[in-house]
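Descriptive analysis of the structure
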Amino acid sequence: MRLFLGVALLLSSVQGAAWPTVTISSPTSGVLLIGEGRSESITFEVQGEPFPRIRKWYKNGVEISSANNIVIDESGGNLQKLKFNSITRGNEGTYYLVVSNDVTLDSTKSPEVIVKVSYLDDTWDSSAQIVTATVGGFAVLECRPPAHFGSYIKFSWKKNNVAIEESERSYISEYGNLVLLQVATDDYSPNYRCTITIDTLSQGDQTKEGGPVTLNVQQETVTYKVPEIALRPVALTIDAQIKETFLVECVANGYPNLPTIRWYKDGSAITSSGPIYDIQTRNYIRITIPRSGGNVGGLYRCDATDNKGQSTYATAQIDIYTKPVITTGLPTSEVKKSSGSELSLACAATSSPSSSFKWYKNAVQLKNGINTKVDNGILLVSNLNTLNRGVYQCEAYNDVGSTISTGKVTVQERLTFVIRPEDVEVFLGTAATFNCMGKGNPGPTSLQWQFNGADPPSTHEYTNKIENQATYKIPKVTSSDAGKISCVISSPENLYPTDVATAILTIRQGPQVIAHVKEITVTEGSSADLVCKVENANNVDWKWLFKGTLVTQPDDQRITISPGLLQIRSMTAADQGVYTCQADENGLSNHDTITITVETYPKVVTDETKRIGEGLTAELTCTVTSNPVSTITWKREGQTIQETDVYKIDNSVAGSSTLSVVGVSKTTHVGKYMCSATNKVGTGTSEVDLVVVAQCEVMDTPKDAVLDYEGETLLTCSVNQCSQTPIWTWKKDGTVIEFDNFRYINMGQGTIKVKRAMPTMAGVYTCEVTGTTIDIQTYSATIKIEVKAKITKFGSYPEYSGNRVLYKEGDSVEMTCEARGDYSMAPLNINWYKSGVLQYARESSTSDTKEKIMYMTAVLGIAAARAADAGHYQCTVQNNYNEDKRDTSLMLMTQPDRPGQPYDTWIGAGAMELSWGEPANTGNTNLTSYEIHIESNGNSVFRPFMQGLSPNQVTQVMYFLSENQEYKFKVIAANVVGKSEASDASSEIQTFRNQDSPTLNLVTEFSLTTLNSDSIRVTWSEPNQRTNSLQGFVIVYRNEDKLEAPLFNNTFKYDYTARTVVLTGLSAGSKYSVQIQSNTQTTTNLLVSSVKWANTLNQRPSEPLGCEADRESSSSIVVAWQTPLDSHGMILSYNLYYRPRGDDGDFKVLNDLDAQQTTYALTLIDSNSDYEVEVAASNSAGEGTRAGCVAIGKTINKAIFEEWWFYLILALVILILVAAIILCALLIYKRRSKDPRIIKMPPPVQKKSRWVRFKGLFGSKNNYAPVRNGNQDNFAGPNAHIMSPNMARPPTYPTNTFHGGAAPYSPPSNPNSWGGAAGFMTQPKSPDFGTAPRNDGYNYNKFNTFDSRASYNDPPKSPYDAGRFDRPSYEAPKYEPPKSPYDAGRFENPKSPGSNYGGRYGGADPYDNNTVDSRYNRDPYGAPSFNGGGGGGFKSSKL
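Here is a short report on the structure shown in this document. Please read all numbers here as calculations on a predicted model, not as lab measurements.

Looking only at helices and strands, one finds two helices and 110 strands in the protein chain. Summarising the internal contacts of the protein chain: among those between residues at least 6 apart in sequence, 64% fall at separations of at least 24. As displayed, the protein chain offers around 71,700 Å² of accessible surface, 48% of which is attributable to carbon and sulfur atoms.

This part takes up the pairing of strand E4 (residues 54–59). Looking at chain direction, E4 and strand E8 (residues 93–100) are connected through six bridges and run antiparallel. Bridge assignment links Trp57 to a residue of E8, and that residue is Leu97. One ladder, built from three bridges, connects E4 with strand E5 (residues 62–64); its direction is antiparallel. Bridged to Tyr58 within E5 is Glu63.

Taken together, four strands build an open sheet; the order of strands is E48-E50-E54-E53 and the sheet is antiparallel. With partners counted over all chains shown, the strands left at the sheet margins are strand E48 (512–515) and strand E53 (559–562), one partner each. Across the sheet, the axes of successive neighbouring strands diverge by a mean angle of 15°, strand direction being ignored.

What follows concerns unusual backbone geometry. A cis amide bond links Tyr255 to the next residue, Pro256, at an omega of 5°. Structurally, Pro256 can be placed in the loop between strand E24 (251–255) and strand E25 (260–265). Cis geometry is adopted by the peptide bond preceding Pro353, which originates at Ser352 and carries an omega value of -5°. Take Pro353: it is sitting in the loop between strand E33 (348–352) and strand E34 (356–361). Positive phi, normally seen in glycine, also occurs at Asn362, with a value near 50°. Position of Asn362 among the secondary structure elements: in the loop between E34 and strand E35 (364–365). What makes Asn362 buried here is its relative accessible area of 16%.

The next subject is the sheet that holds strand E42 (residues 432–439). One open sheet holds the four strands; their spatial order is E40-E42-E45-E44, and the pairing between them is antiparallel. One side of each edge strand has no neighbouring strand; the edge strands of this open sheet are strand E40 (416–419) and strand E44 (461–462). In terms of strand pairing, E40 meets E42 through three bridges, oriented antiparallel. Considered in E42, the bridge of Phe417 is made with Gly438.

Inspection of the entire model under this criterion finds 17 aromatic pairs. Arranged with centres 5.2 Å apart and planes meeting at 45°, the rings of Trp449 and Tyr472 form a pair that is tilted. Residue Trp449 is found in strand E43 (residues 446–451), and its partner Tyr472 is found in strand E45 (residues 470–474); the two are separated by 23 residues along the sequence. With 6.3 Å between their ring centres and 45° between their planes, Tyr744 and Tyr765 make a pair best called tilted. Residue Tyr744 is located in strand E71 (residues 744–748), and its partner Tyr765 is located in strand E73 (residues 763–770); the two are separated by 21 residues in the primary sequence. Residue classification places Tyr744 among the buried positions, given a relative accessible area of 13%. By relative accessible area, Tyr765 is classed as buried at 0%. Members of the aromatic cluster, joined through ring pairs, are Phe434, Trp449, Tyr462 and Tyr472. Note that Lys109 overlies the ring of Tyr96, its terminal NZ or CZ placed 4.3 Å from the centroid. The residue whose ring lies beneath Lys1092 is Phe1006, and the NZ or CZ to ring-centre distance is 4.8 Å.

A few words on a nonpolar patch on the surface. Side chains of Trp1204, Trp1205, Leu1208, Ile1209, Leu1212, Val1213, Leu1215 and Leu1217 sit close together on the surface and give an oily, nonpolar patch of about 870 Å² of accessible area. By secondary structure assignment, the location of Leu1208 is in helix H1 (residues 1204–1234).

About the thresholds
Residues numbered from 1 in each chain as written. Predicted model: local features only at pLDDT ≥ 70, side-chain atom pairs only at ≥ 80, totals over all residues. Heavy atoms only, no water. Helix = DSSP H or I, 4+ residues; strand = E, 2+ residues; numbered from the N terminus. Contact = heavy atoms within 4.5 Å. Areas by Shrake-Rupley, 256 points an atom, 1.4 Å probe, with all protein chains shown as cover. Pairing = 2+ DSSP bridges. Axes fitted to C-alpha atoms, helices over the stretch in contact; angles between N-to-C directions. Buried < 20%, exposed > 50% of the residue type's maximum accessible area, 1.4 Å probe, protein only. Phe/Tyr/Trp six-rings, centres within 6.5 Å; stacked < 30°, edge-to-face > 60°. Lys NZ or Arg CZ within 6 Å of the ring centre and 35° of its normal. Patch = residues over 30% accessible without salt bridge, like charges linked within 9 Å, V, L, I, M, F, W, Y side chains within 5 Å. Salt bridge = Lys/Arg side-chain N within 4 Å of Asp/Glu carboxyl O.

Written out as structure tokens, the structure is:
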């Protein structure tokens, strides 16, 4: 059975709550441009009710914390700051803040702030720059500054250390180049220098000066030069977030007069200056980007015309990029929807380039899913539920920045009944109760009860609780109360119709029980009769209950029970209460109640003695128990005490009275005081003796405390003005505390510390102050220990990350919630919810004693998780003190949907940019990579082209393409589950030819030179047309064998003078594709050269891994190995070397084994030798290192088994072994004949007869003794009286022995003639103990066993074992082997009648089931004995 576990998010609406909002306080533009090394902050203003307590900062989508030079400052309240101290270029990126309300769980993502760092490097172009111009012509001196970035950049030039001012003939371009028009001979100088200044940098880093530039002027006679563009306008892409103004430059030369410049935009003349266009007729037009709208981008043209009407022109495309401005945003008021309905939100924005849109809910980006559809600026969510509520945001973004619109959506969950009123069937006169509880999210706004469709009558009691369980009760049902009881719940704003749950009340007639008297009052010790009668019934069963518990007839006969009557004698106060008489008939039941009041005599309790210091106030307390309440008075010496200034009487507490004696004097007030209590039943008294003693003055007393688990407190009992040093004794619950310096620490002077509080430490702590002559003073305080419910372990396996649990569909899911509490004081409850519905609950058991801390775990599992199991889960832990909870979301991971169809965004000759759409559903987990497949020239076969691309990108520059060729592309997404299907193929995309593509700053000529196995040199020529925007070159390359994403060498990214670079760290024997990308400041599309290829040199392979050689047969060895760790290219073959081990000669070799083969069966010549084997791999570079192994163990030559004489020799060997065994057996037999031993033998198998010849081992051959014993035959060996050297009896012999042979039947007077008698008593005896005359070896310490198989002093033997005992020398029929010494736990007791005769248990046993073991016999002393004789006592029926 599958167990569904759930955790519900806390989604309940909070009255008056406002969702969190975040706005940019600074920088207001959304772009923070700051100089390197300076310090600045990003500030967001955060609002919300309650104030968002969860705040997280992100950089480029990754959460960050205070580290290095970044500090998160939350001290400003609603102004949250991210501070940069001495900012570096590594801090550049996109930053935003996510704030969350921990009550409503709403989260909001802030607008993004782009951080850019101004910088100015130190390294200038060190190459010499020599410019040559002719008189009357123009010269352009390049500044070539270091790598830099900033918004306020200024260039200046010096000639021979004198600043050059701009004039009609000299102009400094925005990129720092110096343009000199109508060059003259005095313009010559070898010392022109450029200076760059960036104001946003720190002092000392703002200005850098470059090296000298030489201008040579050639003399030339000239009278006229046509207009010529000396500095052409440059195509620009302007980020309006960073720049407010920009220049379009156009410098023209002519002679003898400089031409006039006119400006046009998109074909229309710009005729006058204004707030947007500031026309400088000579060289440039300054353009201000309007903040109120209006696009100043377009095609700009400058016309240069001289006074002769000759003209020329130049154009440049200017693109203005602006941050999105949302024109249609989310509603500012809360959007309220009902569950099951559809949510549609729209967002629109204006920007350049056009905006794309992202959608967020609670700061988490939304993707296309089952119920969610994201279509750029449109969001559709169908089949809404409460999980769809939250803060929604639409983010419009482009390359410049982003703008966010925020709104709140709540979803009203359809109302349901958690508790529905149930039908009730009751008897007349009894009570009827109905319960009801509604559930919604947010919950119902009203709950009402109805009786038969109308308001309930006044006799009915009910509560209309919304938040808890509502109750409807009829205290005493009458016949008119039958009908329908309805519970009506309504939703807020009537999003749903009201819902009604109805129950039926049915009234049944049953036995009517009537108590004769409803109330009885008796005096303690008297009797009471309780009487009930029944109507409408004939044959009822009576029951009496007292306070709900069945009353039974006790043994003391104080109570008598009979139908309708309960008699109680000698009543006590414990008998007071409500009695119920109940009558049952045919399943119907009814009852009535009788209340008994017992009036009791006053019982008065006082202390026997009250010890008090003189001058203090003594409080004498008297406690009275009685019914009715007694009047209490105090008397001294027979006189009633009246209240005075000295005597104060407090009777305010019922059943108690306190007499305070103010200023006690030992001469006036000591003596006995009587407390007297009187009611109508009688009077009771008690006396207390007031004694005056010396005391200490207590300054501070212990105070009650409530401690958390592991908490601590001080208990103080300090004194002053003591006549002697006091003695403090601390007790807990009456037991003296032992101080351990761990939980109880004695601080001295009456103060103790209670530390590391545990539940067992709760109780009453008492301080006793005393001395030798002073009275004991006692002060107490109560300490309570609250072990609050706390979740100590919360997680999921196999993967748990934050508040999200990821599993693959079909996995088994386990979610663990471990909590801490304590057993007795606060029972612990763990509940798991899924979307608010209880899935599993566990409650701890309580203990009668205060146990230590408990840890309880609720592990919730889902077997073979399905899509329906996904959702939000919550574990809540509760006890009497508090509640703790944790939330998580279970998401089932699947393969991602396929990505959107790829398309080109720009095309070049050797490269193009490909973009695609993200998968609509990433499979509920992050993507791990993309891969791109390619098809070329319409062959319809797509092959992998790039693999392992970042999952965070949806755009990839497709390098390494051929020029003028058609391609199609497909994209595949991957996650941890697997790969998606391939996207739809792109349309055919044809790359340019180099001569057709933009060639400005493009490298068209380069070469590749292979240096070795891991490096290639790339050499290139200067672009044919180079402009000032060229900053350097990036080498793009990759290993074609691995289909990896492009790698980039940025060594000369900012050095446009570089012409060669070496690519290192390459793989040996691999093909590499290489392109050169020009790095410019202004080009929108990448400038990438055509592709070229080169192969690294092959390096020989490393040794094969895991060489093993094993024998397969006498003539072959199987050799196995694994491919080398470093193959350095393709393995072409393997070579196998081998030779006998120990042979110093050359290896034999098998060459050119198949490269795919990793095992080989090697046929050998010398089959009797070990072999050394070596194997080596070869590639195009040659053979690599050998790996060696040895085949251990000579091979058996199988040829010997094929010869006939081998089997003849084998047969002779076997015959010789058999003969030797027979001979040994005979020798053993003969030796036994000479050295008799008692060996138990079975009878020979022969025909049953009264006369049987028995051939024993220990007597003369062929002798027998016919002995009559009824129908039984006894056999005896002839040497029955010949004893072994050690004789068991008579006792005059010094040691124990074994009787040799069997004896004939003899009368009891001759016990030594027993056949096979070994003579041991009850226990087996040892020979090394005993004193005369009982040298029978009886040993109280040893219990060694003797039987006919063993010599003395041996341990007990197991049944016959050829390896341990001599076998009998006869062919024995099947019989039970001899048994070990008699053991009641292992063998049957002898069942024959007792007898003192040898062999009695075998030869003369009338019982068939008796043992035939001759060791069992009865000793003449009356104890069982072990008899080891060999030939006596076999039952003839066994023969």
